[in-house]
Amino acid sequence: MKQVREYPSVHITPKGERAIKNGHPWVYDGEIKETKGNPENGCIVDVFSGNAYMGTGFYNANSRITVRLLSRNANDKFDEAFWRRRVEYAVAYRKTVMPGDDFKCCRIIHGEADQMPGLTVDRYNNILSVQIASLGMECVKHMVYKALWDVLNNMGEGIEGIFERNDVALREKEGLTQYKAWYEDNSFTHPESAVTEICENGVKYFVDVENGQKTGFFLDQKYNRAAAARIAEGKTVLDCFTHTGSFGLNAAMGGAKHVHSVDISQTAIDMATENAKRNNLENIDFETADVFELLTKLANEKNHDYDYIILDPPAFTKSRGTVRDAARGYKEINMKAMKLLPRGGYLATCSCSHFMTDEMFRDMLKSAAKDASVSLRQIEARQQAPDHPILWNVPETDYLKFYIFQIV
């Protein structure tokens, strides 16, 4: 197909062509042979290999990912109707996989997995918390926001505001500034407070979309928390890296004898404490401490009665270059947890780093179990919730590993 549209064009190498044919939506700077039509950063370009049309996407010469494909249909027009269709597809998918009340706190748009590259939209009850990490999406955001507002409110979902959590360093690689604020426009309103309440798995949480981690809360572990809670009844639980208490609160709600939740952040512990009060839970307490140091201390004291440990650490690596160091960190906490648990005890453990692949994570767990002189009986192997969909041709969308074991 020859180019017949007004868009500038990018012409790519055979390597870039193979990647696109294999379904990956990114064109890297080293895969570009030539540009035609003087594309401006943030604009839309057609991508060609020779005379063959490969797709259309956002262009940004400031980024190593120079083109982020939006479509492989040469007839698409990237107007309000196009973005409304994309939003409608994303919302319809979430209504299917996150039914009932789960739809009130879920990820509505998951970037490339929803063919909206660089865009994250999380719903926390009446607030949409949005993060944009690509210049092209920044240029069309008003059309996307308007579509989100109209589609959700026409369904009676009661969205009252859109908060932009654009305070991530990744934006600088795209030539964008960092900030966080309510999106202000004549078409939109917003509540006075950026704090709202959600209910997940029957647990109520206060969520601060302005100051909380990421967009306000970690939604991807929703069903993993429910799985962890199912085996908590009657157990004494050590909940490590609790953040605002999510795994610990689920375990407490699941009937644990007692839960001790730990995080290094006093701010997170303060909010976790408030969340426990909100749910009238008295079988949980909280401590501000370094988990690595606490696990070592418990191992030396040997006077604890934990029979269930939950490890939900932050991503120890955000690049391939540091993955070996991350593996050592994961192994240290998992080996210490395995040593602390009695025979018959339970361990829930995870990694949220894409670069720590499932194969690497499993190998680390095997090595940790060997060094701890225990065996692992697998109960569950899980991934992120389906509102964070995995595209098999885009490995970057596959990042969360979650396992539950019995120590035998």
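Here the residue index of a chain counts from 1 through its sequence in written order. pLDDT decides what is reported in this predicted model: residues at 70 or higher carry local features, side-chain atom pairs at 80 or more are listed and counted, and totals for whole chains, interfaces and linings draw on all residues regardless. Processing note: side-chain calculations cover all non-hydrogen atoms of the structure and skip hydrogens and water entirely.

Q: Explain the environment of M116 residue by residue, including any values.
A: Its place among the elements puts M116 in the loop between β7 (105-110) and β8 (119-124). Each residue is assigned to one of three classes by its accessible area relative to the maximum for its type, calculated with a 1.4 Å probe on protein chains only: buried under 20%, partly exposed between the two thresholds, exposed over 50%. Judged by its relative accessible area of 0%, M116 falls in the buried class. Along the sequence, M116 and M137 sit 21 residues apart, while their C-alpha atoms lie 7.6 Å from each other. The residues contacting M116, other than those within four sequence positions of it, are W83, R86, V87, A90, I109, G111 and M137. For helices the rule is a DSSP run of H or I covering at least 4 residues; for strands it is a run of E covering at least 2, with both sets numbered from the N terminus onward. The contact criterion used is simple: two residues touch if any of their non-hydrogen atoms lie within 4.5 Å.

Q: Talk me through the packing of helix α10 (residues 323-340) against helix α11 (residues 358-372); I want residue IDs and the actual numbers.
A: It is at 9 Å that the axes of α10 and α11 come closest, and there the two elements cross at 45 degrees. It follows that α10 is oblique to α11 by the angle criterion. The hand of the α10/α11 crossing is right-handed. In this structure, α10 contributes V323, A327, Y330, K331, N334, M335, M338 and K339 to the contact, and α11 contributes M360, F361, M364, L365, S367, A368, A369, D371 and A372. Under the scheme applied, nonpolar residues are Ala, Val, Leu, Ile, Met, Phe, Trp, Tyr, Cys and Pro; charged residues are Asp, Glu, Lys and Arg; polar residues are all the others, including Gly. Residue composition of the contact of α10 with α11, grouped by class: 12 nonpolar, two polar and three charged. Interaxial angle, 0 to 180 degrees, is taken between N-to-C directions of lines fitted to C-alpha atoms, where a helix line uses only the stretch in contact. Throughout this description, any angle smaller than 35 degrees is read as roughly parallel, any larger than 145 degrees as roughly antiparallel, any in the 65 to 115 degree range as roughly perpendicular, and the remainder as oblique. Crossings are assigned a handedness: left-handed for a near helix turned anticlockwise from the far helix by less than a right angle, right-handed for a clockwise turn.

Q: Now, about the environment of D208: what can you tell me, with residues and values included?
A: Mapped onto the elements of the fold, D208 is located in strand β13 (residues 203-208). When the C-alpha atoms of D208 and Y124 are compared, they prove to be 9.5 Å apart, with 84 residues separating the residues in sequence. Setting aside chain neighbours within four positions, we find D208 in contact with R165, A194, V195, G216 and M271.

Q: Talk me through helix α8 (residues 266-278); I want residue IDs and the actual numbers.
A: Residue count minus one, scaled by 1.5 Å, sets the expected span of a helix. For α8, which comprises 13 residues, the first-to-last C-alpha distance of 18 Å matches the rise-based estimate of 18 Å (1.5 Å per residue) to within 8%. Within the sequence span of α8, burial applies to A268, I269, A272, N275 and A276. The buried residues of α8 occupy an angular sector of 115 degrees when projected down its axis, which confines them to one face. Every exposed residue of α8 that faces more than 90 degrees away from the buried side is listed here: T267 and K277. Packed against the buried residues of α8 are β13, α7 (246-253), β15 (258-263) and β16 (284-288). Think of a polar contact as two N or O atoms within 3.5 Å of one another; within protein, one of them needs to be a possible hydrogen donor and the other a possible acceptor, and neighboring residues in sequence only count if both atoms come from side chains. Capping of α8 at its N-terminal end is provided by S265; its side-chain oxygen lies 3.4 Å from the backbone amide nitrogen of T267. Downstream of α8 by one or two residues, N280 has phi in the positive range, about 55 degrees. Throughout, the arc means that of the directions going from the helix axis to the C-beta atoms.

Q: Help me get a handle on α11, residues and values and all.
A: Taking 1.5 Å per residue as the helical rise, α11 with its 15 residues ought to reach 21 Å, and the 21 Å between its terminal C-alpha atoms agrees with that figure. Those residues of α11 lying buried are F361, M364, L365, A368, A369 and A372. For α11, the angular spread of the buried residues around the axis is 135 degrees, confining them to a single face. Along α11, exposed side chains directed more than 90 degrees from the buried face belong to E359, K366 and K370. At the exit of α11 stands S373, carrying a positive phi of roughly 60 degrees.

Q: Pulling in residues and values, what's your account of unusual backbone geometry?
A: Even without being glycine, H243 reaches a positive phi, approximately 55 degrees. Within the fold, H243 resides in the loop between β14 (236-240) and α7. Among the residues examined, H243 registers a relative accessible area of 17% and is labelled buried. Unlike most non-glycine residues, S373 shows phi in positive territory, near 60 degrees. Tracing the backbone shows S373 in the loop between α11 and β19 (376-382). Judged by relative accessible area, S373 falls into the exposed class, the value being 53%.

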